[in-house]
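# A closer look at the structure
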Amino acid sequence: QQPVQSPQAVILREGEDAVINCSSSKALYSVHWYRQKHGEAPVFLMILLKGGEQKGHEKISASFNEKKQQSSLYLTASQLSYSGTYFCGTGPLEELQFGAGTQVVVTP
Amino acid sequence: DAGVIQSPRHEVTEMGQEVTLRCKPISGHDYLFWYRQTMMRGLELLIYFNNNVPIDDSGMPEDRFSAKMPNASFSTLKIQPSEPRDSAVYFCASSFSSSNEKLFFGSGTQLSVL
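Residues numbered from 1 in each chain as written. Chains lettered and ligands numbered in written order. Predicted model: local features only at pLDDT ≥ 70, side-chain atom pairs only at ≥ 80, totals over all residues. Heavy atoms only, no water.

Per the counting criterion, the structure on display carries two disulfides over all chains. Paired by a disulfide, C22(A) and C88(A) hold their sulfur atoms 2.0 Å apart. Looking down the S-S bond of the C22(A) and C88(A) bridge, the torsion is 75°, so its handedness is right-handed. Here C22(A), found in strand β3 (residues 18-23), pairs with C88(A), found in strand β9 (residues 84-90); they are 66 residues apart in sequence, far enough to count as distant. By relative accessible area, C88(A) is classed as buried at 0%. There is a disulfide in this structure between C23(B) and C92(B), and the S-S distance comes to 1.9 Å. On the sign convention where negative is left-handed, the bridge of C23(B) and C92(B), at about -65° about the S-S bond, is left-handed. One end of the pair, C23(B), is in strand β3 (residues 19-24); the other, C92(B), is in strand β9 (residues 88-95), and 69 residues separate them in sequence. (Disulfide = S-S within 2.5 Å. Helix = DSSP H or I, 4+ residues; strand = E, 2+ residues; numbered from the N terminus. Buried < 20%, exposed > 50% of the residue type's maximum accessible area, 1.4 Å probe, protein only.)

What follows covers the interface of chain A and chain B. Listed as interface residues are 17 residues of chain A and, on the opposing side, 20 residues of chain B. Note on chain A versus chain B: buried area summed over both sides is about 1500 Å², and carbon and sulfur give 63% of it. Its largest share of buried area at the contact with chain B, chain A owes to L93(A), E94(A) and F98(A), together 41% of the area lost on that side. At the junction of chain A with chain B, the criterion picks out zero salt bridges. In terms of residue class, the side of chain A that touches chain B is made up of 10 nonpolar, five polar and two charged. (Contact = heavy atoms within 4.5 Å. Buried area = accessible area lost by both parts, 1.4 Å probe. Salt bridge = Lys/Arg side-chain N within 4 Å of Asp/Glu carboxyl O. Nonpolar A, V, L, I, M, F, W, Y, C, P; charged D, E, K, R; others polar.)

Here it is, written out as structure tokens:
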């Protein structure tokens, strides 16, 4: 079952914050986050393995609420380089299901 | 390491032709995955290999699709015959193990079937 991401797209000015949500109808044991820039391959950002776990990559952090079966990605003080499409992936690596993606555009 | 290497980067072919996409995983990685990305369906897992053995090909859309991994450093995805609806970006990814490891994606092959 594909996880559901929201919002579909977000436009930010440099320095602003944003939150991307990822929810699943199935129990979650781990959540992957990837970023894909236009015309490029997805690049791994982080993986959260336990409920309540939070991680960070630059000023991008994520939380994982096992009970609510959802994860959130936080873009703090966004930079131009944060532009791209963000995907969450759920399930074991062999059956990783990706969400439809959230397009993030950061403007000067 | 050079990362996951895919070829060609772009492929334009006519309907009915055979298409072969190639992938060289990162040395030492024992998992290899083939994904397809389209606007309509997003990123879909087609097939994955563990130690060169195909484990799950349930994502392969039809018998027209086949994949092989003759050795640890090379895999192919073949479409025969190709159809316009096969047009997509095909990614190969590799991983060291399945224990919550990350995927390393290749640059992808943009396939256009006319």
